[in-house]
Amino acid sequence: MKHLILLSIMFVIGVFNRPLSTNNIVPYSFPQENTQENAYIILMDQCNGCHITKQRGMVFTRDNMNRYSLAIEQQVFVKKRMPKGKKNKLTSTELNKLRLWLDSLNNH
Ligand code: HEC
């Protein structure tokens, strides 16, 4: 009887029904595509909205972003001019994701 109660308690607090390790299910296929896709989402969210009206020649797409990568690196990481405007700041997560994408390109 004591064991039955113990088993029921363990079941309720989820000892048996949680996956063994959630670390094993991090998607690891296509790291290059994920890295670029993450960066693309940031360029869409933080850059294109302004560029589409104020810098028409330079709207970032999946196709052209790698070609613009050196200019993006200069503006965001070296000169720190972009994103333009005091209110437009990238979070550290966004900066890290851009950094990962730039590093993945082997530009240097
Ligand atoms: C609020 C408006 C605005 C936002 C947001 C913005 N830009 Fe710009 N960007 C501009 C304008 C205007 C120019 C052209 C004039 C200049 O260089 O200041 C420009 C120019 C650039 C250039 C070319 C600079 C050169 O002379 O080579 C790059 C690269 C660039 N932006 C990257 C980015 C990236 C990457 C982001 C997002 C992380 C971003 N910008 C966000 C307005 C913006």
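No experiment lies behind these values; they were computed from the predicted model shown.

Novice: What exactly am I supposed to notice about the overall build of the protein here?
Specialist: Scanning the protein from N- to C-terminus turns up 4 helices and 0 strands. Ordered by position in the sequence, the α and β elements of the protein form the string α-α-α-α. Counting all 108 residues of the protein, 23% fall into the buried class. Contacts spanning at least 24 positions in sequence make up 54% of the contacts within the protein whose residues lie at least 6 apart. When the accessible area of the protein is evaluated, it comes to approximately 8600 Å², of which 59% is carbon and sulfur surface.

Novice: Teacher, can you tell me more about unusual backbone geometry here?
Specialist: Most peptide bonds are trans, and most residues other than glycine sit at a negative phi. In this structure, the amide linkage connecting M82 to the following residue, P83, adopts the cis form with an omega of 0°. Position of P83 among the secondary structure elements: in the loop between helix 3 (69–78) and helix 4 (92–104). Here the phi dihedral of K80 falls at roughly 55°; this positive angle occurs in a residue that is not glycine. One can find K80 in the loop between helix 3 and helix 4.

Novice: Could you clarify how one ought to interpret the site of the ligand in this entry?
Specialist: Residues in close proximity to the ligand total 18 residues, the closest being C47, C50, H51, R81 and M82. Within the side chain of K84, an N or O atom sits 2.9 Å from an oxygen atom of the ligand. The cavity where the ligand resides is the largest pocket. Broken down by secondary-structure element, the contributors of at least two residues to the shell around the ligand are helix 2 (31–54) and helix 3.

Novice: In this structure, what is going on with the pattern of salt bridges? I would like to understand it.
Specialist: If charged atoms from side chains of opposite charge come close, those side chains can pair. Scanning all chains against the criterion turns up 3 salt bridges. With a closest N to O distance of 2.8 Å, E37 and R62 form a salt bridge. Highlighted residues: E37 in helix 2 and R62 in the loop between helix 2 and helix 3, separated in sequence by 25 residues. We classify E37 as partly exposed; its relative accessible area is 28%. Between D103 and R99 there is a salt bridge; the shortest N-O distance is 2.9 Å. Of this pair, D103 and R99 both sit in helix 4, 4 residues apart, which is roughly one turn of that helix. Accessibility expressed as a relative area gives 25% for R99, which makes it partly exposed.

Novice: Would you explain the packing of aromatic side chains in this entry?
Specialist: Given two aromatic rings, one states the distance between the centres and the angle between the planes to describe the pair. All told, the structure shown has 1 aromatic pair when counted by the stated rule. Relative to Y68, the ring of F60 lies with its centre 5.6 Å away and its plane at 80°, an arrangement referred to as edge-to-face.

Novice: Please clarify how the confidence of the model for the protein should be interpreted in this entry.
Specialist: Low pLDDT means the predicted atomic positions in that stretch should not be read closely. Taken over all residues, the pLDDT of the protein has a mean of 85, while the share at 70 or more is 75%. When the elements of the protein are averaged for pLDDT, helix 1 (residues 2–12) gives the smallest value, 71, and helix 3 the largest, 98.

Conventions and cut-offs
- Residues numbered from 1 in each chain as written.
- Predicted model: local features only at pLDDT ≥ 70, side-chain atom pairs only at ≥ 80, totals over all residues.
- Heavy atoms only, no water.
- Helix = DSSP H or I, 4+ residues; strand = E, 2+ residues; numbered from the N terminus.
- Buried < 20%, exposed > 50% of the residue type's maximum accessible area, 1.4 Å probe, protein only.
- Contact = heavy atoms within 4.5 Å.
- Areas by Shrake-Rupley, 256 points an atom, 1.4 Å probe, with all protein chains shown as cover.
- Near = heavy atom within 4 Å.
- Polar contact = N/O pair within 3.5 Å; in protein donor to acceptor, adjacent residues only side chain to side chain.
- 1 Å grid on protein atoms, 1.4 Å probe; cavity = no way out; pocket = protein on both sides within 12 Å on 5 of 7 lines; lining within 4 Å.
- Sits in = over half its atoms within 2 Å of the grid points.
- Salt bridge = Lys/Arg side-chain N within 4 Å of Asp/Glu carboxyl O.
- Phe/Tyr/Trp six-rings, centres within 6.5 Å; stacked < 30°, edge-to-face > 60°.
- pLDDT = per-residue confidence, 0-100.

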